[in-house]
Amino acid sequence: GLLHEYRILGAYLLAAEGLTFATYSRADVHEQHRKPVLREEGFFFADDFLAVRRPIYFDGEVLGHIYIEADLGGVSERVQNFVATVMAISGATLFVIMILTSRLQRFISTPLLGLADLAKQISRDRDYSVRAAKASDDEVGSLIDGFNAMLKQIQTRDLELATHRDHLEDMVTHRTIELTLAKEAAE
């Protein structure tokens, strides 16, 4: 079994008193055969390996321990590859988001800023004959249509008020002349 597990650096079967009963080490680790670093049950991470020590029980009694060291070099490489992949995907995603937001800004922000500028101009000049240019048939386009309809209503009311004002001035002038003539005739 262990011969086919390339990640296993070494394995030890320890007797209950701590003496080494059997060992295994990977072929390329033969000169650097490690002694178990864990004296107690548990696990230990080092820079390039993971050590695990577990008890072996028989009829409820601890006969010994198994100690295994696994090479983490491949895991570290996979983690680095994973991080590089995530970073590349994140960078590409951010790039796509930047492109989309710049294009969306053209379709949303630019017409709204133009509408705001036009509203300032109308407020300053009181010229209700100007109209906002509609660029699309979406929600922003509907807003511009509503704004233009409002301007048309205000312009129509202004014209009606001007017509009524002129008519009232004529009526006042005409009535003043009638009263003046009536007063002169009465004298």
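Residues numbered from 1 in each chain as written. Predicted model: local features only at pLDDT ≥ 70, side-chain atom pairs only at ≥ 80, totals over all residues. Heavy atoms only, no water.

**Observations regarding the pairing of strand β1 (residues 8-15)**
Of all eight residues that make up β1, seven are buried, and the element is covered over most of its length. Across seven bridges, β1 lies against strand β5 (residues 61-71) in antiparallel orientation. Within the sheet, the bridge partner assigned to Tyr12 lies in β5 and is Tyr67. When β1 meets strand β2 (residues 20-25), the two strands line up antiparallel, connected through five bridges. Each bridged residue has a counterpart across the sheet, and for Tyr12 the counterpart in β2 is Thr23. The turn linking β1 back onto β2 is made up of four residues, and Gly18 within it adopts a positive phi angle of 100°. (Buried < 20%, exposed > 50% of the residue type's maximum accessible area, 1.4 Å probe, protein only. Helix = DSSP H or I, 4+ residues; strand = E, 2+ residues; numbered from the N terminus. Pairing = 2+ DSSP bridges.)

**Some details on the sheet that holds strand β3 (residues 42-45)**
With antiparallel pairing, the five strands of this open sheet are ordered in space as β2-β1-β5-β4-β3. Of all the strands in the sheet, just β2 and β3 have a single pairing partner and so form its edges. Recorded for the sheet is a direction-independent mean angle of 10° between the axes of neighbouring strands. (Axes fitted to C-alpha atoms, helices over the stretch in contact; angles between N-to-C directions.)

**Overview of the confidence of the model for the protein**
Across the protein, pLDDT averages 85, with 91% of residues at or above 70. Summarising per-element confidence for the protein, the mean pLDDT is lowest in β2 (81) and highest in helix α3 (residues 139-186) (90). (pLDDT = per-residue confidence, 0-100.)

**Focus: the nonpolar core**
Formed by Leu115, Leu118, Ile122, Tyr128, Val130, Ala132, Val140, Ile144, Phe147 and Leu151, the largest nonpolar core amounts to 10 residues. Counting residues per element, the ones that place at least two in this core are α2 (109-125) and α3. Looking at which element gives the most residues to this core, the answer is α3, with four residues. The residues contacting Val140, other than those within four sequence positions of it, are Phe107, Ile108, Pro111 and Leu112. (Core = buried A, V, L, I, M, F, W, Y, C linked by side-chain atoms within 4.5 Å. Contact = heavy atoms within 4.5 Å.)

**A look at the environment of Ile154**
As for its position among the elements, Ile154 is in helix α3. With a relative accessible area of 26%, Ile154 lands in the partly exposed category. C-alpha separation for the pair Ile154 and Arg103, spaced 51 residues apart in sequence, amounts to 34 Å.

**Structural notes on the packing of aromatic side chains**
Taken as a whole and judged by the stated rule, the model has three aromatic pairs. Look at Tyr12 and Tyr67: their rings are 5.5 Å apart centre to centre, the planes differ by 50°, and that puts the pair in the tilted class. Separated by 55 residues along the polypeptide, Tyr12 in strand β1 and Tyr67 in strand β5 bring together distant segments of the chain. Pairing Phe43 with Phe45 gives two aromatic rings, centres 5.9 Å apart and planes at 80°, and the pair type is edge-to-face. Relative accessible area serves as the criterion here: at 56%, Phe43 is assigned to the exposed category. The exposed category is assigned to Phe45, whose relative accessible area is 52%. (Phe/Tyr/Trp six-rings, centres within 6.5 Å; stacked < 30°, edge-to-face > 60°.)

**Remarks on α2**
Taking 1.5 Å of rise per residue, 17 residues should cover 24 Å, and α2 covers 24 Å from first to last C-alpha, within 8% of that figure. Summarising the contacts, the buried residues of α2 are in contact with α1 (73-107) and α3. (Expected span 1.5 Å × (residues − 1).)

**Some remarks on the packing of α1 against α2**
Packing of α1 against α2 brings their axes to within 3 Å, and their N-to-C directions diverge by 35°. Between α1 and α2, the contacting residues are Leu104, Gln105, Arg106 and Phe107 on the first element and Ser109, Thr110 and Pro111 on the second. Split into classes, the residues belonging to the contact of α1 with α2 amount to three nonpolar, three polar and one charged. (Nonpolar A, V, L, I, M, F, W, Y, C, P; charged D, E, K, R; others polar.)

**Quick notes on the pattern of salt bridges**
Counted according to the given criterion, the structure contains four salt bridges. A salt bridge links Arg124 to Asp125, with the nearest nitrogen and oxygen atoms 3.1 Å apart. Arg124 gets classed as exposed once you look at its relative accessible area, which sits at 60%. The class of Asp125 is partly exposed, set by a relative accessible area of 41%. (Salt bridge = Lys/Arg side-chain N within 4 Å of Asp/Glu carboxyl O.)

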